[in-house]
Amino acid sequence: AAADGLGSIAIDTTQLNMSVTDPTAWATAMNNLGMVPVGIAGQQLVTDSICVPGFDPSLSMMTGITPINPMIPGMGLVPPPPPTDVPVVKEIIHCKSCTLFPPNPNLPPPSTRERPPGCKTVFVGGLPENATEEIIQEVFEQCGDITAIRKSKKNFCHIRFAEEFMVDKAIYLSGYRMRLGSSTDKKDSGRLHVDFAQARDDFYEWECKQRMLAREERHRRKMEEDRLRPPSPPAIMHYSEHEAALLAEKLKDDSKFSEAITVLLTWIERGEVNRRSANQFYSMVQSANSHVRRLMNEKAAHEQEMEQAKETFKNALTGILTQFEQIVAVFNASTRQKAWDHFSKAQRKNIDIWRKHSEELRNAHSEQLMGIRREEEMEMSDDDSGDNPSKKLRVDDSALAAQAYALKEENDSLRWQLDAYRNEVELLKQEKGQLFRTEESLTKDQQLQFLQQTMQGMQQQLLSIQEELNNKKSELEQAKEEQTHTQAMLKVLQEQLKNAKELAEINGHDESQTNEINVLTVALVNQDREKNSEKRSPGLKSEKEALLIGIISTFLHVHPFGANIEYLWSYMQQLDSRISANEIEMLLMRLPRMFKQEFTGVGATLEKRWKFCAFEGIKTV
C-alpha cells in the first residue's frame with residue numbers, strides 16, 4: 001500500500017548518503033521512499049506486489065532496447081490511486097538533512113481546495129522555522145523538477161513544478177511531520193500542509209494549451225468537413241471558337257443537353273456574346289429551342305401514362321366496390337328472419353358488427369370512386385371541343401402547342417380557384433349556423449341567469465322576512481317577560497309602601513318622609529326599566545357597524561323630515577360599494593331607540609321614511 005501511494009515519487013541517486021553496492025541499504029532507502037529499485041544488477045530487492053505490473057527488468061537483454069521505468073518523472077505513467085476502501089499506510093521518509101514522519105493513519109485525510117485548471121504550483125505550510133530553501137528543495141525534488149521556490153518569512157512557501165502530475169506527488173506529503181536532523185527543538189519541526197495554489201503563470205500556460213487544442217480541433221473538423229464535402233462541379237471552360245463548335249454538337253445530343261445548356265448559360269452571363277460571335281450563339285440558342293418540342297412530347301407521353309394508370313385504378317376500384325356490394329348483400333340476407341332465427345346470440349352479434357364494418361368500407365370506396373368521376377367530368381367540361389390535349393401537343397407548330405398548354409394551365413388555376421371559393425362558402429355556411437346556435441345558446445343562458453338572479457333575490461327576501469319574524473317573536477317574548485317582571489315589582493313595591501306607611505303612622509313621621517319613599521320607588525322602577533331596555537337591545541357586532549351607525553345618524557340628523565332607505569343607500573354606496581340596502585335596513589331596525597320609521601303620503605305617494613330619534617329618547621328619559 002505504501003508503494004502504491006508513493007510509487008510515483010522519484011529521487012536522484014546522488015542525494016543518497018549511502019553505498020550503492022550495498023543492496024540491503026539500497027532496498028531499505030528506496031522502500032522508505034516508496035520507490036521500486038530498478039536498474040541494479042542482482043536479485044530483486046522488493047516483492048512483486050509493489051513492483052510495476054508488466055515491467056520486466058530483463059527486457060534489455062532479450063531485445064536490446066533500454067527498458068523505461070514508468071515511475072521516472074516526466075514520463076506521465078503515474079499508477080492509479082489506491083482504492084478508497086483500503087487505508088493507505090504511510091512510512092517514514094529519510095532525507096539527507098531531515099526526516100519525514102507519517103501522520104496517524106486513524107486521522108482523516110488532510111483537506112485540499114479545488115484544483116485550479118493547469119495547476120503546477122503548490123502551497124506548503126507548517127514548515128519548521130529553521131527550514132531553508134535548500135532543505136525544501138531537497139525534500140520536494142523527489143516529486144519532480146522544480147522550476148521556482150518562493151519562500152516567505154513565515155513558515156510557508158510556494159513551489160512550482162515543471163509538470164502537472166508532479167503536484168499530485170507533492171500533495172501526498174501533506175500531513176507528514178518534518179524534523180531537521182535529530183534535533184528536538186520546536187523550531188526544527190513542523191507538520192506539513194500541502195495544497196493546490198492558484199498561480200497566474202499556471203493559468204496562462206493552461207489557457208495557451210487549451211487554445212492550441214482548440215486550434216487543433218478546428219483544423220481536424222475542417223479536414224473532416226473537406227473530406228466529407230461533395231466534389232465541386234467541373235470548371236466551365238472559357239469561350240473559344242473550337243469550344244463553341246463542340247458545345248453546338250453537344251446541344252444537339254439529348255443525353256448531353258443538360259450539361260451543355262449550363263455552359264451556354266454561363267458564357268452568356270459572362271458577356272461572351274459580341275458582334276463577331278453573335279451568329280454562333282444564335283445557332284446554339286436555336287438548338288436549345290429545338291428541345292422544347294421534345295420535352296413537350298415527353299410530358300404528353302407521361303400524362304398519357306398517368307391517364308392509363310388512373311383508368312386502371314378506377315377499374316380496379318370498381319371491381320372492389322362490386323365485391324363489397326355482394327358482401328353487404330350477403331349480410332343483409334343473413335339478417336332476414338328466415339335465416340336470422342337459426343343463429344345464436346353471439347353469432348348474431350358478430351354478423352351485425354361485420355355488416356356495419358362492410359357498409360362503412362363500401363361507402364368510403366363509393367365516395368372515392370364518385371370523386372374520381374367528378375374530376376373527370378370537370379376535366380371534360382374544361383375541354384371546349386372535346387379534343388385530347390395530347391393531340392394538340394403533337395401539332396407540328398410549336399407556338400400553337402405552347403398556347404394550348406398555357407390555356408390548360410389557366411383552366412386548371414381557374415378550377416382550383418372555384419374549388420377554393422366553394423370551400424369558403426361551405427365554411428361561411430358552417431360559421432353562420434354556429435353563430436345562430438351560439439345566439440340561441442346565449443339567449444338561453446341569459447334567461448337562466450335572470451331566473452337564477454330572481455331566485456336568489458326571492459331567497460334573500462325570504463331569509464330577511466324570517467329574520468324579522470324571529471326578531472318580532474323575541475321582542476314579544478321580552479315584552480311579556482318585562483310585563484311579568486314589572487307586575488311583580490309593582491306588587492313588591494306596593495307591599496313595601498304599605499309597610500312604610502304603617503311604620504310612619506306608628507312612629508309618627510311626617511309626610512315629607514313618605515314623599516321621599518315614593519320618589520325612591522319611582523327611581524327604582526325607572527332604573528329597572530332602563531336595565532331591561534339595555535338587556536333587550538343587542539350590542540354592536542363589529543367596528544364597521546359602529547361606523548355605519550355614526551354616518552347614518554349624522555346623515556339623518558341633517559334631514560329632520562327623514563329619508564327613505566333608497567336615498568340613504570345611495571349615499572352610503574359612495575362610501576362603501578359593497579353595502580346593500582337590506583343590510584342598512586336591518587341595522588336601523590335593531591336600534592329602535594335611535595331610529596324610528598314613519599309613513600308619509602297617501603295612496604300611491606305613500607312612502608316609508610327613517611328618522612333619527614336618539615335625542616328625543618334622551619329627553620324623555
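Residues numbered from 1 in each chain as written. Predicted model: local features only at pLDDT ≥ 70, side-chain atom pairs only at ≥ 80, totals over all residues. Heavy atoms only, no water.

## Observations concerning the overall build of the chain
Move 1: Tallying secondary structure elements over the chain gives 19 helices and 10 strands in all.
Move 2: Split into buried and exposed, the 621 residues of the chain put 24% on the buried side.
Move 3: Surface accessibility of the chain: about 44200 Å² in total, with carbon and sulfur atoms responsible for 55%. (Helix = DSSP H or I, 4+ residues; strand = E, 2+ residues; numbered from the N terminus. Buried < 20%, exposed > 50% of the residue type's maximum accessible area, 1.4 Å probe, protein only. Areas by Shrake-Rupley, 256 points an atom, 1.4 Å probe, with all protein chains shown as cover.)

## Let's talk about the packing of aromatic side chains
Move 1: One pass over the full model with this rule turns up 8 aromatic pairs.
Move 2: Taken together, the aromatic side chains of Y239, W267 and F281 make up a single cluster linked through ring pairs.
Move 3: Just above the ring of Y172 sits the side chain of K90; from NZ or CZ to the centre is 4.6 Å.
Move 4: The ring of F257 is capped by R294, whose NZ or CZ atom sits 6.0 Å from the centre of that ring. (Phe/Tyr/Trp six-rings, centres within 6.5 Å; stacked < 30°, edge-to-face > 60°. Lys NZ or Arg CZ within 6 Å of the ring centre and 35° of its normal.)

## With respect to the sheet that holds strand β6 (residues 177-180)
Move 1: The sheet built from 4 strands is open, its strands ordered β1-β2-β6-β7 with antiparallel pairing. Sheet topology places β1 (93-94) and β7 (189-191) at the edges, where each strand pairs with a single neighbour.
Move 2: Pairing analysis gives 4 bridges linking strand β2 (residues 98-101) to β6, with the strands arranged antiparallel. What sits directly across from L100, in β6, is M178. (Pairing = 2+ DSSP bridges.)

## Notes on a nonpolar patch on the surface
Move 1: Nonpolar side chains collect at one region of the surface, where I268, V273 and V285 lie side by side and expose about 220 Å² of accessible area between them.
Move 2: Structurally, I268 is set in helix α8 (residues 257-270).
Move 3: Residue class for I268 comes out partly exposed when judged on its relative accessible area of 39%. (Patch = residues over 30% accessible without salt bridge, like charges linked within 9 Å, V, L, I, M, F, W, Y side chains within 5 Å. Salt bridge = Lys/Arg side-chain N within 4 Å of Asp/Glu carboxyl O.)

## Topic: helix α9 (residues 278-289)
Move 1: Helix length check: α9 (12 residues) gives 16 Å between terminal C-alpha atoms against 16 Å at 1.5 Å per residue, within 8%.
Move 2: Those residues of α9 lying buried are F281, M284, S287 and A288. Angularly, the buried residues of α9 cover 115° about the axis, an arc narrow enough to put them on a single face. Summarising the geometry of α9, the exposed residues directed more than 90 degrees from the buried face are N279, Y282 and N289.
Move 3: Contacts from the buried residues of α9 go to α7 (241-252), α8 and α10 (291-334). (Expected span 1.5 Å × (residues − 1). Arc of directions from axis to C-beta. Contact = heavy atoms within 4.5 Å.)

## Things to note about the UniProt feature "coiled-coil region" (unreviewed entry) in the chain
Move 1: Per the UniProt annotation, the sites labelled "coiled-coil region" (unreviewed entry) are residues 285-312 and 404-496.
Move 2: The distance from the first to the last C-alpha atom of residues 285-312 is 41 Å, and the span holds 96% helix and 0% strand. (UniProt positions renumbered as here; feature names shortened; annotations may be inferred.)

## A few points about the packing of α9 against α10
Move 1: Put simply, α9 and α10 touch, their axes get as near as 4 Å, and they point 15° apart. It follows that α9 is roughly parallel to α10 by the angle criterion. Along its contact with α9, which presents S287, A288 and N289, the element α10 presents H291, V292 and R293.
Move 2: For the contact of α9 with α10, the residue count by class is 2 nonpolar, 3 polar and 1 charged. (Axes fitted to C-alpha atoms, helices over the stretch in contact; angles between N-to-C directions. Parallel < 35°, antiparallel > 145°, perpendicular 65-115°, else oblique. Nonpolar A, V, L, I, M, F, W, Y, C, P; charged D, E, K, R; others polar.)

## Section: the sheet that holds strand β8 (residues 193-196)
Move 1: The strand order β4-β5-β3-β8 describes an open sheet built from 4 strands, whose pairing is antiparallel. Each edge of the open sheet is held by one strand with a lone partner, namely β4 (146-151) and β8. When the angles between neighbouring strand axes are averaged without regard to direction, this sheet yields 20°.
Move 2: With 4 bridges connecting them, strand β3 (residues 121-125) and β8 associate as antiparallel partners. Bridging from a neighbouring strand, V122 pairs with F196 of β8.
Move 3: On top of the sheet, helix α4 (residues 133-140) reaches β3, β4, β5 (156-161) and β8; it is set at about 140° to β4, its chief contact.

## Some details on the nonpolar core
Move 1: Core analysis: the biggest nonpolar cluster contains 31 residues, and V124, F140, I159, F161 and M178 have the highest contact counts within it.
Move 2: Taken together, the elements giving at least two residues each to this core come down to β2, β3, α4, β4, β5, α5 (165-171), β6 and β8.
Move 3: With 5 residues, the top contributor of residues to this core is α5.
Move 4: Not counting residues within four places of it along the chain, the set of residues in contact with F161 comprises K120, V122, F140, C143, G144, D145, I146, T147, M166, V167 and A170.
Move 5: Judged by nonpolar contacts, the second largest core, of 18 residues, contains I549, I552, L556 and L587. (Core = buried A, V, L, I, M, F, W, Y, C linked by side-chain atoms within 4.5 Å.)

## Digging into the pairing of strand β10 (residues 607-612)
Move 1: Pairing geometry for strand β9 (residues 595-600) and β10, over 6 bridges, is antiparallel. Looking at the pairing, K596 lines up with K611 of β10.
Move 2: Linking two consecutive strands that pair antiparallel, namely β9 and β10, is a turn of 6 residues; a positive phi of about 90° is found at G601 within it.

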